[in-house]
Amino acid sequence: MALALPDNVVIAKLDELVSWCRKNSLWPMPFATACCGIELMGTGASRHDLARFGAEVFRFSPRQCDLLIVAGRVVMKMLPVLQRIWQQMHEPKWCISMGACASSGGVFDTYSVVQGIDRFIPVDMYVPGCPPRPEQLIQAIIDLQAKIQREGTMYGREFTQPERQRPSRALRP
Ligand code: SF4
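Definitions and limits used
Residues numbered from 1 in each chain as written. Predicted model: local features only at pLDDT ≥ 70, side-chain atom pairs only at ≥ 80, totals over all residues. Heavy atoms only, no water. Helix = DSSP H or I, 4+ residues; strand = E, 2+ residues; numbered from the N terminus. Buried < 20%, exposed > 50% of the residue type's maximum accessible area, 1.4 Å probe, protein only. Areas by Shrake-Rupley, 256 points an atom, 1.4 Å probe, with all protein chains shown as cover. Phe/Tyr/Trp six-rings, centres within 6.5 Å; stacked < 30°, edge-to-face > 60°. Axes fitted to C-alpha atoms, helices over the stretch in contact; angles between N-to-C directions. Parallel < 35°, antiparallel > 145°, perpendicular 65-115°, else oblique. Left-handed = near helix turned anticlockwise from the far one by under 90°. Contact = heavy atoms within 4.5 Å. Nonpolar A, V, L, I, M, F, W, Y, C, P; charged D, E, K, R; others polar. Pairing = 2+ DSSP bridges.

Draft legend 1. Inspection of the overall build of the protein at higher detail. Helix and strand counts for the protein come out as five helices and four strands. Secondary structure elements in the protein, listed N-terminal to C-terminal, are α-β-α-β-α-β-α-β-α. Projecting the C-alpha coordinates of the protein onto the three principal axes gives extents of approximately 70 × 40 × 25 Å. Here the protein holds 173 residues, and 43% of them are scored as buried. Here the protein has roughly 10,000 Å² of accessible surface; of this, 58% comes from carbon and sulfur atoms.

Draft legend 2. Structural view of the packing of aromatic side chains. All told, the structure shown has one aromatic pair when counted by the stated rule. Note on Trp 94 and Phe 159: the rings are 6.0 Å apart at their centroids and 55 degrees apart in plane angle, and the pair reads as tilted. Of this pair, Trp 94 sits in strand 3 (residues 94-98) while Phe 159 sits in the segment after helix 5 (134-151), and the two are 65 residues apart along the sequence. Residues Trp 94 and Phe 159 agree in their burial class; the two are buried.

Draft legend 3. Looking closely at the packing of helix 1 (residues 14-23) against helix 5. Close contact between helix 1 and helix 5 brings their axes to 8 Å; oriented N to C, the two are set at 160 degrees. Here helix 5 runs roughly antiparallel to helix 1, going by the angle between their axes. Viewed along their axes, helix 1 and helix 5 form a crossing whose handedness is right-handed. Contact residues: helix 1 offers Glu 16, Ser 19, Trp 20, Arg 22 and Lys 23, while helix 5 offers Gln 145, Ile 148 and Gln 149. Partitioned by chemical class, the residues of the contact of helix 1 with helix 5 number two nonpolar, three polar and three charged.

Draft legend 4. How the structure looks around the sheet that holds strand 1 (residues 28-32). Reading across the sheet, the four strands line up as 1-2-3-4 and stay open at both edges, with parallel pairing between neighbours. Of all strands in the sheet, those with a lone pairing partner are strand 1 and strand 4 (125-127), marking the two edges. Averaged over all neighbouring strand pairs, the angle between strand axes comes to 15 degrees, with direction disregarded. Sheet topology note: the strand 1/strand 2 (residues 67-71) ladder contains five bridges and is parallel. When the bridges of strand 2 are listed, Pro 30 appears paired with Ile 69.

From the geometry alone we can't say anything about function, so treat these as descriptive.
If you want it as structure tokens, here you go:
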């Protein structure tokens, strides 16, 4: 016998509801070290209006953020700071690597520049380009939202996957 539900009742899995809330309320933590940071600022400005995607609340305290955006090259001296910020962010948290420098060191193939931040912290989305346009960062945020909706679980099972733990050189708390 079919169950008759009133019009104003919606049935969904709790995981999907939680993921829907999380993906639409990302709070970015900007870690802007170079020219890509300017594009990051442009993304937050009125022309591109990041608020359309619920991700405009930039915070400068890691304890209030769940999306780390690394924009620009990271040098080895800066790396402990980046890792400390990542550790201070509460789970669930995600990371976007913006630009060639953050993702691979870019043209700075030298001992003092980190050749990809994913060697030290887990990265969820990479934005190619030098510098990437704000539209590319917005696309990365949209893709991340789709990933959160697709894989997110209330208890964060997706964060215990081996690939998430891969950066073996990450600082241990
Ligand atoms: S990727 Fe290009 S624009 Fe971005 S920080 Fe590196 S040199 Fe600057």
